[in-house]
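Okay, here's what each chain looks like letter by letter:
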Amino acid sequence: MFKNVFGTGFLVRTAHVILTWVITLILFLHDTDLRKQEENGEFLQPVLFVLLVLVSVLLYFAVSLMDPGFILSDSDAKFTLGISEEQQEMIPQTSKALRQRRCGFCLLQQQPMRAKHCQTCKHCVRRYDHHCPWIENCVGERNHRWFILYLGVQLLALLWGLHMAW
């Protein structure tokens with residue numbers, strides 16, 4: 001489910017985490033609303049901000065290390081949409097042969113529909129959206145929802161940080 005932390009993209013992940021926490025630390029060290037509230041003993045907003053940044057970093061690691069839906073072999077390419085074998089047998093077989101897609105890069109014989117080959121990762125990915133250089137991973141079937149959630153939390157943290165710094 002998760003890739004090796006020290007594999008490809010280690011420098012990108014390390015730089016992202018360091019930059020996130022350095023900016024958070026700067027917001028608390030300079031004359032901002034967060035620092036004033038902390039000095040006055042009002043800890044609700046500073047604690048919420050740190051928790052939001054922590055959730056952002058945890059989502060970043062989850063999305064960047066998660067398997068986006070790589071198809072590793074032809075046996076993985078048979079996509080059943082959660083249907084059991086018994087239910088699949090109940091579906092009438094058509095006399096028309098279904099057109100099979102074949103990946104020209106990794107030579108999968110049965111590439112599922114909406115799967116594409118990522119040139120960066122060198123794998124076919126189910127419901128491939130894009131390869132994101134910021135998370136150093138593809139966005140596909142298994143991590144798309146988490147990626148959208150990460151973007152929302154990151155946007156909220158950035159807007160709140162800009163508001164505090166302004």
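Computed from a predicted model, the values in this text were never measured in an experiment.

Below, the discussion takes up the pattern of salt bridges. This structure, assessed with the given rule, holds three salt bridges. The partner of Arg-142 in a salt bridge is Asp-67, with the nearest N and O atoms 2.6 Å apart. Taken together, the residues span a long stretch of sequence, with Arg-142 in the loop between strand S5 (137-139) and helix H5 (144-165) and Asp-67 in the loop between helix H3 (44-65) and strand S1 (70-71) at a distance of 75 residues.

The next thing to look at is the state of the cysteines. Scanning the model with the defined rule gives zero disulfides in all. Not part of a disulfide, Cys-103 finds its nearest cysteine sulfur in Cys-124, a span of 3.4 Å.

In a regular helix each residue adds 1.5 Å, so 22 residues correspond to 32 Å; H3 covers 32 Å between its end C-alpha atoms and thus fits that length. Those residues of H3 that fall on the buried side of the exposure criterion are Pro-46, Phe-49, Leu-52, Val-53, Ser-56, Val-57, Leu-59, Tyr-60, Ala-62, Val-63, Ser-64 and Leu-65. Taken together, the buried residues of H3 touch helix H1 (10-29), helix H2 (33-39), S5 and H5.

Here we come to unusual backbone geometry. Backbone geometry follows two general trends: most residues other than glycine have a negative phi, and most peptide bonds adopt the trans configuration. Although it is not a glycine, Arg-114 adopts a positive phi angle of roughly 65 degrees. Among the structural elements, Arg-114 can be located in the loop between helix H4 (85-90) and strand S2 (116-118). Its relative accessible area of 56% is what places Arg-114 among the exposed residues. One non-glycine residue, Lys-122, lies in positive phi territory at about 60 degrees. Assignment of secondary structure puts Lys-122 in the loop between S2 and strand S3 (123-125). With relative accessibility at 58%, the residue Lys-122 sits in the exposed group.

One finds Leu-34, Phe-49, Ile-135, Phe-147 and Tyr-150 to be the most contacted residues of the largest nonpolar core, which totals 18 residues. Not counting the four nearest positions on each side in its chain, Ile-135 is found in contact with Arg-13, Tyr-60, Val-63, Ser-64, Phe-147 and Tyr-150. Listed in part, the six residues of the second largest apolar core include Cys-118, Val-125, Tyr-128 and Cys-138.

Moving on, we come to the side chain of Asn-143. For Asn-143, the position within the fold is in the loop between S5 and H5. Asn-143 gets classed as buried once you look at its relative accessible area, which sits at 0%. Setting aside its immediate chain neighbours within four residues, Asn-143 contacts Val-63, Met-66, Pro-68, Asn-137 and Cys-138.

A word on the sheet that holds S1. Taken in spatial order, the three strands make up an open sheet running S1-S3-S2, and their pairing is antiparallel. In this open sheet, the two strands that pair with only one neighbour each are S1 and S2. Summarising the sheet, S1 and S3 pair through two bridges and their orientation is antiparallel. Across the sheet, residue Phe-70 finds its bridge partner in S3, namely Val-125.

With 79% of its residues at a pLDDT of 70 or more, the protein chain has an overall mean of 81. Element-level pLDDT for the protein chain is lowest in H4, with a mean of 66, against a maximum mean of 94 in S5.

Basis of the calculations
Residues numbered from 1 in each chain as written. Predicted model: local features only at pLDDT ≥ 70, side-chain atom pairs only at ≥ 80, totals over all residues. Heavy atoms only, no water. Salt bridge = Lys/Arg side-chain N within 4 Å of Asp/Glu carboxyl O. Helix = DSSP H or I, 4+ residues; strand = E, 2+ residues; numbered from the N terminus. Disulfide = S-S within 2.5 Å. Expected span 1.5 Å × (residues − 1). Buried < 20%, exposed > 50% of the residue type's maximum accessible area, 1.4 Å probe, protein only. Contact = heavy atoms within 4.5 Å. Core = buried A, V, L, I, M, F, W, Y, C linked by side-chain atoms within 4.5 Å. Pairing = 2+ DSSP bridges. pLDDT = per-residue confidence, 0-100.

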